[in-house]
Amino acid sequence: MTDLTQLEADLTGRIAAAQDVAALEAVRVEALGKSGSISELLKTMGQLSPDERRERGPLINGLRDRVASAIADRKAALEAAELEAKLAAERVDLTLPPPPERRGRVHPTMQVLDEMIAIFADMGFGLAEGPDIEDDFHNFTALNFPPKHPAREMHDTFWLPENEQGERKLLRTHTSPVQVRVMQQGQNGKLPAWIAQGQAPPIRVIVPGRVYRSDSDATHTPMFHQMEGLVIDRNIHMGHLKWTLDAFTRRFFETDAVVTRFRPHHFPFTEPSCEMDVQCDRSGGAIRIGEGSDWLEILGGGMVHPKVLENCGLDPDEWQGFAFGLGIDRLGALKYGMPDLRDMFAADVRWLEHYGFSAFQAPNPATGLS
């Protein structure tokens, strides 16, 4: 018959000597497991006489309870020691500076867009939007593009396949279609709420958005961002256009030293038309606005063509206006010294960390744009 006192001494000694939870678990299985030494003793109780069971039963059950209690106490002690060791190894030195926190950056295009919107909003311009996929009428015909105009050709415009009605949609080549939607009379209630609806003059809006042209090099990309402006009122003339663009340029480049000049040009949707240059310095491989003796073209504009007004349901004998267009990405590259427009769309996080802006630097014409 097993000596219970010796068995208990052996088990409690091994429990006390266990150096980790795994070793303690091995002792528990050997003693209290399905085939453990104490479990085997309990199985023999059925073979004993009633008198032997009354004598030996309490001794075996007491042994089982004491061993289980010793195992639980040792496990708690081992886990506490393990936690203490882990806390000591992973202690944080609160005197050290915290590790740098990675933060998102505002893309330069979005920063420049916000700057431009802030300037024109301060001048009283509203904001209008329209779809990226347009029809021929809004993108070309309403804007006085002749049927054989080069811009309609495949090498300039991204055309989509014909639909069931035989109509070919296209990716808009400029944001001017939104100007048409703003001027176009009699269309209210037929378009989604986010698309600009026709409104009665006077009109003063800017139209930012993505545009698409089949062109790609260091200064051109197949998709880029453009902002156009439109003013329709009575007795509007080129002097109003010139003042608006001069004031915008000085505020955008944040210097009163900006010098501009206007050259005659041709656009189908404006007459007369012009391109605006700014004086700059190209020496040293960089372009600096507001100094030097070189010139750089940055935008185009002119008086809205009478045919465009007629196509939109406005009487050109009563209403006049001007329109202009600026490349958002290109102006941003000039202001912030980004040499290649293609980098703006390369999704390179390193480039964005260098040229990006803090989300807390919201442009404000009163306190500074950038």
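Structure: see above.
Let me sum up the structure you'll find in this document. (Residues numbered from 1 in each chain as written. Predicted model: local features only at pLDDT ≥ 70, side-chain atom pairs only at ≥ 80, totals over all residues. Heavy atoms only, no water.)

**Quick word on the nonpolar core**
Thought 1: With 33 residues, the main nonpolar core has Met116, Phe120, Phe248, Phe252, Ile298 and Leu331 as its most contacted residues.
Thought 2: With near-sequence residues (within four places) excluded, Leu331 lies in contact with Met116, Phe248, Phe252, Phe253, Ile298 and Leu326.
Thought 3: Among the nonpolar cores identified, the runner-up in size contains 26 residues, and Val207, Ile232, Phe267 and Cys312 belong to it. (Core = buried A, V, L, I, M, F, W, Y, C linked by side-chain atoms within 4.5 Å. Buried < 20%, exposed > 50% of the residue type's maximum accessible area, 1.4 Å probe, protein only. Contact = heavy atoms within 4.5 Å.)

**Some remarks on the side chain of Glu275**
Thought 1: With respect to the helices and strands, the residue Glu275 is situated in strand 8 (residues 270-281).
Thought 2: Judged by relative accessible area, which is 14%, Glu275 ranks as buried.
Thought 3: Here the side chain of Glu275 touches His265 through a polar contact of 3.4 Å, side chain to side chain.
Thought 4: Setting aside residues no more than four positions away along its own chain, Glu275 makes contact with Arg261, Phe262, Arg263, His265, Phe267, Glu297, Leu299 and Gly300. (Helix = DSSP H or I, 4+ residues; strand = E, 2+ residues; numbered from the N terminus. Polar contact = N/O pair within 3.5 Å; in protein donor to acceptor, adjacent residues only side chain to side chain.)

**A closer look at the packing of aromatic side chains**
Thought 1: Within this structure, the stated rule accounts for twelve aromatic pairs.
Thought 2: Between Tyr336 and Phe357, the ring centres sit 4.9 Å apart and the planes meet at 70 degrees, which makes this aromatic pair edge-to-face. Here Tyr336, found in helix 10 (residues 328-336), pairs with Phe357, found in the segment after helix 11 (349-355); they are 21 residues apart in sequence, far enough to count as distant.
Thought 3: Three or more aromatic residues joined by ring pairs form one cluster here, namely Phe120, Phe125, Phe248, Phe252, Phe253, Phe322 and Phe324.
Thought 4: Against the face of Phe125 rests Arg204, its NZ or CZ located 5.9 Å from the ring centre.
Thought 5: Sitting over the ring of Phe252, Lys335 keeps its end group 4.6 Å from the ring centre. (Phe/Tyr/Trp six-rings, centres within 6.5 Å; stacked < 30°, edge-to-face > 60°. Lys NZ or Arg CZ within 6 Å of the ring centre and 35° of its normal.)

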